[in-house]
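Chain residues, written in single-letter form:
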Amino acid sequence: MNDRVQQSVHGREHTVRDLFSRQYGLEYYQREYTWERRHVVELVNDLTSAFLRDWHPGHDRQQYATYRPYFLGPFVCHSAGIKKNLVDGQQRFTTLHLLLIHLEKLLSEQGDTDSAQMVGAMVRRYAGGVHHYTIDVDERRACLEALRRGEEFDTSGQTVSVQNLWLRAQDIAEAIPEELVDDCLATFADWLADRVFLVEITAADRDLGWEIFERMNDRGAGLTSLDLLKSFILSHASQEQAALNAAWRDTVARLSSHGRQVPSEFFEALLIAKYATIDGSDVTEISRAFHEWVRANPERMGLRLQGKDYSDFVLEVVSPAATQFNSLLDASRIRTQGLEEVFYNASNGIDSQYLLIMAAARSNDTESNFREKARLLAAYMDLLFILRTVNNDTAVQSLHFREEAYRLLPAVRQTSSVDELRELLGHEASDLPYSFEAVQKFSLHNNRRQVRYLLARLTAFVEVGCGRSDEVDRYLGLRTDSSSGEAVPWEIEHIWANKYSLHVQSGIANEQEFQQARNRLGALILLEKPDNASFGADRYMDKLPHYHRQNFLAASLHPNTYSRTPAFRKFRKNHDLEEHFSAFADNFDKEAIEARSALYRKLCELIWSPQRIGFSKAVVAIPSRERRLPQRRKTHYGVQVSDLIQVGLLQEGAKIRGGSKRNGYPHEATLISGGRVRIELSGEEFGSLSGAGKAVLGGTSCPGWDFWHVEETGGSLIPLKSLRQKAIAQGLLDQG
C-alpha cells in the first residue's frame, strides 16, 4: 500500500450502537442490495445463536454486558459531509438495519416502549425537522416506512434492489427464534447494540476508499481454506499432478457458476455429510477451517497412502460429488421434474437437505438412482416441514432442519441402495409425532409464508389432477412473469371479507371469534394478486362468480364447476374425493369452513402420503394418537413448559389465561401433552407460549412467559415466568 493510503486510512472498532447512531449514504454504484435469503438467515442464526449461548432465563437483564462479544468483520467508508458513504459492507449494514427495524416493531408490540425507542434511535434519527433513516437512500424510504408500521408494501414497479429489500425483511422476521420472542427480546436488543462489533476502516475520500476495497477483496487476498485444501491434497498425490490440477480446477469452475462461495460450501457439505462425527466438534471444526480438519483427520477419509489415495479422492470422490451437487443446485433454482421437492425445500430455506442427499449418494450411482435418492430425502424433509407447520411446531427454521439432518446422517450413510433408503424413511415417517388431523384447526396468524406454501401445493395438486400445468413456482413468486418481468407471489384470499357486521347473523359471538374463524385454513384460497385486490372486500355471493373463473380449488366453491367440468369430475373420482368437495351456492358459513378444512386435510393426506411419496411401509405402524411427542431440543438456555410439568410445578390439563393486569385476562388455553398449548376458542394447538400468544393477539410478537398466567391456590393469577424462576431458584431444572 503506498504512503498516501497509509497516511489517510484509520481503523477503529465500534459497537452497533455507535455505528447506527450516524447516517450513511451509498454511491450510485453501491446501492444494489443483493443478499439472498440464505445470507440473511445465516447472519440472524449466527447472531441469535451467539447470544443464546450465554443467556440464561435466571439472568438479570444487565448481565448482557458480560456476554461474549461477536465480531462482524471490517467495513470501508469515507466522509461525505455530515454522512459517511459506505464503500464496502453495505450488505451487512443493510441487513442489520432491517433486523433493527424488525426488533423495534416486535418490542413495540410487546409494550416495551423504552426498549423500542432505544432500538428506534438506531433505525432513524430526527434532524432538521425530518426523520432520516440510518442508511439514507431515497428509493428505500417507502419500503422501510411500511416495515416500521407493520404494513403491506406493493413492490410492483419498484427497483429490483427494493423488491429484494422487502423479501429479505420477511426472511428476517421468520428467522427470529421463538426463544427470543418469548421473553429475552429486549436483552437481545441490548446485546446486539453493545456486544456486536465491526471495525471501521475510514478513507480520506472515495477514491482511496475504493482502492482499499479492491485490495481487500481482490489483490493480495490471503489463501482460503479451499486453496489450502487443494495444496494439501495435490502435494500428497505424487503422480499425475497436471491431470489432478486440471480436474480440481474444472470442479471448482463448475461449482463457481452458482456463486463465488459455492465451491467452499460444497467441500464443507461433503466433509460433514460423508466423514464427520455428528457430535458437534467435527462440524464446528469443518465450518471454521475445513482444510485444517482434513489435515488432522486424513484416515477418516481413507487417505492413508501417498499418491493413489489422494488421487482417488479427487477423481472418484470430489469430482462425481461435485457433479451431483451441481445438479441439486440447478434443481433448487428451477423446478425440475423428478426433483420438485428439492426446489420446494430451497424455497423454504431447508438447505440441510443437501447434507442428507450427499450422505446417501455414491460416486458409482447411476443418474436415475442418484435422482431417486435425492427425491426421497428431499420429500422426507418436505413432509416434516409441512407436518410441523400445520401442528404449529416452532421448529420450522433452517437451523432446526440442520439438527434433523445431523440426527439422520449416521443412518443415511449406512444405506447403499434406493430400497434401503426407502425402508429407512418409511420407518422415520411412521414414527413422526404429528398427523394431518391438525389441518382442521390450523389457521393463518404469524405464518403467512408457510400458509401460502401449503395453499400453493394444494392448489397445484388439484390443477394437475384436472389436466392443467403445475405452477407452484408461480404461486410462490419464484417464476418471473414474462410480460411484466416481475415475480410476485399469489396472495392468500380470505373468503370472508374483513367485515364482522356481515356475519353477526351467522352465530359469530364477537370480533375475536370472527377473526379466528375468518383465518381458518378452510376459509382461505390462493389467488393472483390483481384478482385478490379487485374483489377481496366484497360479499361472498358477489365474489363467487369470480371464483368460478379461477383455479379449480377456488372454483370448487361454485356449483357450475361440478356440472360442466369433466376433468374435475374425473379427478374427484380417481382420488375418492366426491364426498369431500362441495359447492356453496347460497352462503359460506361456519359449517362451510369446517367442510373445507376437512377437504384440505384430505388433500394433505394424499399429497404427503408416505406411500405415495415412495417410502416403504413400516412393518409396525404407530397410530397417530400414540406417537411420541417431539423431543424438544435441550439447550442450556431452554426451559420448556414440559420441564415445569415434569418437576410438578404445572400439570397437564391445567388452565392458563392470557393477558395483563391492565387489560384483564380474556384469553383461555389448556396445557396438553408435551407442554403444548391448546387455545380454547379455536381448539388450535401450539408448540410454544409465544406462538399461542401471537395467535390470540393477532400480532407478530408476544412474550409468552409473561403473557400466560396460571391460577394459584387462593385464586390469584401469576405469570408462568414466575413458576420458571421458582424452578430455577430451587434447582429443579438441569440447566447445565
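Rules and cut-offs
Residue indices begin from 1 for each chain and proceed along its sequence in written order. Selection of residues for local features in this predicted model requires a pLDDT of at least 70, selection of side-chain atom pairs for listing and counting requires 80 or more, and totals for whole chains, interfaces and linings are taken over all residues. Excluded from the side-chain calculation are hydrogens and water; included are all heavy atoms of the structure. Helix numbers and strand numbers start at the N terminus; a helix is a DSSP run of H or I with at least 4 residues, a strand a run of E with at least 2. Partly exposed describes any residue whose relative accessible area lies between the buried limit of under 20% and the exposed limit of over 50%, with all areas from a 1.4 Å probe on protein chains only and scaled to the type maximum. Here, residues are in contact when the closest pair of their heavy atoms is within 4.5 Å. Methods summary: accessible areas were calculated by the Shrake-Rupley approach with a probe of 1.4 Å, and residue burial reflects only the protein chains presented. For every residue, the predictor assigns a confidence score, pLDDT, that lies between 0 and 100. Put simply, a nonpolar core is a bunch of buried Ala, Val, Leu, Ile, Met, Phe, Trp, Tyr and Cys residues held in one set by side-chain atoms that sit within 4.5 Å of each other. Polar contact is the term for a pair of N or O atoms within 3.5 Å; when the atoms are in protein, one must be able to donate a hydrogen and the other to accept it, and sequence-neighboring residues count only if both atoms are side-chain atoms. Any two strands are treated as partners once DSSP identifies two or more bridges connecting them. For helices, the axis comes from a line fit to the C-alpha atoms of the stretch in contact; other axes are also lines fit to C-alpha atoms, and the angle between any two N-to-C directions lies between 0 and 180 degrees. Helix span is expected to be 1.5 Å times the residue number reduced by one. By convention in these notes, a salt bridge is any Lys or Arg side-chain nitrogen within 4 Å of a carboxyl oxygen on Asp or Glu. Side-chain rings of Phe, Tyr and Trp, where Trp is taken by its six-membered ring, are said to pair if the distance between their centres is within 6.5 Å; with planes under 30 degrees apart they count as stacked, over 60 as edge-to-face, and otherwise as tilted. Angle categories: roughly parallel below 35 degrees, roughly antiparallel above 145, roughly perpendicular from 65 to 115, and oblique for all the rest. Ten residues, namely Ala, Val, Leu, Ile, Met, Phe, Trp, Tyr, Cys and Pro, are considered nonpolar, four, namely Asp, Glu, Lys and Arg, are considered charged, and the remaining ones, Gly among them, are considered polar. The crossing is said to be left-handed when, going from far helix to near helix, the turn is anticlockwise and less than a right angle, and right-handed when the turn is clockwise.

(A) Broad picture of the overall build of the protein chain. Across its full length, the protein chain holds 34 helices and 15 strands. The burial tally for the protein chain puts 54% of its 736 residues in the buried class. Residue pairs in contact within the protein chain that sit at least 24 positions apart in sequence constitute 69% of those at least 6 positions apart. Working note: accessible area of the protein chain is about 32,200 Å², and carbon and sulfur atoms make up 47% of it.

(B) Fine view of the environment of Asp-138. Here Asp-138 shows up in the loop between β6 (130–133) and α6 (141–149). The spacing of Asp-138 and Gly-25 is 113 residues in sequence and 10.0 Å in space, taken between C-alpha atoms.

(C) Quick look at the confidence of the model for the protein chain. Chain-level statistics for the protein chain give a pLDDT mean of 88 and a share of 89% at 70 or above. The model gives residues 1–6 a pLDDT under 50, and that stretch makes nine contacts with residues more than four places away or in other chains.

(D) Looking closely at the nonpolar core. With 135 residues, the main nonpolar core has Ile-233, Phe-266, Phe-588 and Tyr-600 as its most contacted residues. For this core, the element with the most residues is helix α18 (residues 367–390), which contributes 14 residues. Apart from residues lying up to four places away in sequence, Phe-266 is in contact with Leu-255, Val-318, Ala-321, Ala-322, Phe-325 and Met-358. Formed by 63 residues, the second largest nonpolar core is a distinct cluster that contains Leu-100, Val-123, Ala-146 and Cys-184.

(E) Seen up close, the side chain of Gln-397. Within the element layout of this structure, Gln-397 appears in the loop between α18 and α19 (398–414). Under the relative-accessibility criterion, Gln-397 is labelled buried at 11%. Engagement of the side chain of Gln-397 in a polar contact is seen with the backbone oxygen of Glu-174, the distance being 2.6 Å. Beyond its immediate chain neighbours, meaning those up to four positions away, Gln-397 contacts Glu-174, Ala-175, Ile-176 and Pro-177.

(F) Looking closely at the sheet that holds strand β13 (residues 685–686). Sheet architecture is open: six strands sit in the order β13-β12-β11-β10-β14-β15, paired in antiparallel fashion. Looking at the sheet topology across the chains shown, the edges are occupied by β13 and β15 (717–719). The strands touched by helix α34 (residues 720–729) within the sheet are β14 (708–711) and β15, with β15 carrying the most contacts at an inclination of about 65°.

(G) Examining helix α3 (residues 37–52) more closely. Taking 1.5 Å of rise per residue, 16 residues should cover 22 Å, and α3 covers 22 Å from first to last C-alpha, within 8% of that figure. Three or more residues of α3 are buried, namely Arg-37, Val-40, Val-41, Leu-43, Val-44, Asn-45, Leu-47, Thr-48, Ala-50, Phe-51 and Leu-52.

(H) The pattern of salt bridges, seen in detail. With the rule as written, the count across this model stands at 48 salt bridges. Measuring nitrogen to oxygen at the nearest pair gives 2.5 Å for the salt bridge that ties Arg-68 to Asp-54. In this pair, Arg-68 sits in the loop between α3 and β3 (70–80) while Asp-54 sits in the loop between α3 and β3, placing the two residues 14 residues apart along the sequence. Given the relative accessible area of 15%, Asp-54 is considered buried.

(I) Region of interest: the pairing of strand β9 (residues 524–527). By the alternation rule, side chains of β9 split into Leu-524 and Leu-526 and Ile-525 and Leu-527, which are all buried. Bridging between strand β8 (residues 491–494) and β9 involves four bridges; their strand directions are antiparallel. When the sheet's bridge partners are listed, Glu-491 is paired in β9 with Leu-527.

(J) Layout of helix α29 (residues 590–607). Between its first and last C-alpha atoms α29 spans 26 Å; for 18 residues at 1.5 Å apiece the expected length is 26 Å, and the two agree. Residues of α29 that are buried: Ala-592, Ile-593, Arg-596, Ser-597, Leu-599, Tyr-600, Leu-603, Cys-604, Leu-606 and Ile-607. Those residues of α29 that are buried lie in contact with α21 (448–465), α23 (511–518), β9, α26 (552–555) and α30 (610–613). Taking the backbone nitrogen of Glu-591 as reference, a side-chain oxygen 3.2 Å away marks Asp-589 as the first, capping residue of α29.

(K) Highlighting the pairing of β6. Relative to β6, strand β5 (residues 124–127) is paired through four bridges, and the arrangement is antiparallel. Residue Tyr-126 lies in a different strand from β6, and its bridge partner there is His-131. Following β5, the chain reverses through two residues before pairing antiparallel with β6; Gly-128 in that reversal takes a positive phi of roughly 65°.

(L) The arrangement of the packing of aromatic side chains in detail. Scanning all chains against the criterion turns up 31 aromatic pairs. With a centroid separation of 5.9 Å and 25° between ring planes, the pair formed by Phe-188 and Trp-191 is classed as stacked. Of this pair, Phe-188 and Trp-191 are both found in helix α9 (residues 185–194), three residues apart, which corresponds to roughly one turn of the helix. Taking relative accessible area as the criterion, Trp-191 reaches 0% and is therefore assigned buried. Taking 5.0 Å as the distance between ring centres and 70° as the angle between the ring planes, the aromatic pair formed by Phe-266 and Phe-267 counts as edge-to-face. The class of Phe-266 is buried, set by a relative accessible area of 0%. Its relative accessible area of 1% is what places Phe-267 among the buried residues. Members of the aromatic cluster, each reached through a chain of ring pairs, are Trp-248, Phe-266, Phe-267, Phe-290, Phe-325 and Tyr-354.

(M) A look at the packing of helix α13 (residues 262–274) against helix α14 (residues 281–296). The interhelical angle for the contact between α13 and α14, taken along N-to-C directions, is 100°, at an axis separation of 10 Å. In terms of orientation, α13 lies roughly perpendicular with respect to α14. Touching Ser-264, Phe-267, Glu-268, Leu-271 and Ile-272 of α13 are Val-283, Ile-286, Ser-287, Phe-290, Trp-293 and Val-294, all from α14. Within the contact of α13 with α14, the residues separate by chemical class into eight nonpolar, two polar and one charged.

(N) Local environment of the side chain of His-400. Within the secondary structure, His-400 sits in helix α19. Within polar-contact distance, the side chain of His-400 engages the backbone nitrogen of Val-396 at 3.5 Å.

(O) Highlighting unusual backbone geometry. A positive phi is found at Asn-392, a non-glycine position, where the angle reads about 55°. One can find Asn-392 in the loop between α18 and α19. Look at Asn-392 and you get buried, because its relative accessible area is 8%. Of note in the backbone geometry, Asp-576 takes a positive phi value of approximately 55° without being a glycine. Counting through the fold element by element, Asp-576 comes out in the loop between α28 (566–574) and α29.

(P) Region of interest: the packing of helix α12 (residues 241–256) against helix α15 (residues 308–333). The contact between α12 and α15 brings their axes to 10 Å, and the two run at 15°. In this view, α12 runs roughly parallel relative to α15, as classed from their interaxial angle. Regarding α12 and α15, the two cross each other, and that crossing is left-handed. Along its contact with α12, which presents Leu-244, Ala-247, Trp-248, Thr-251, Arg-254 and Leu-255, the element α15 presents Ser-311, Val-314, Leu-315, Val-318, Ser-319, Ala-322, Thr-323, Phe-325 and Asn-326.

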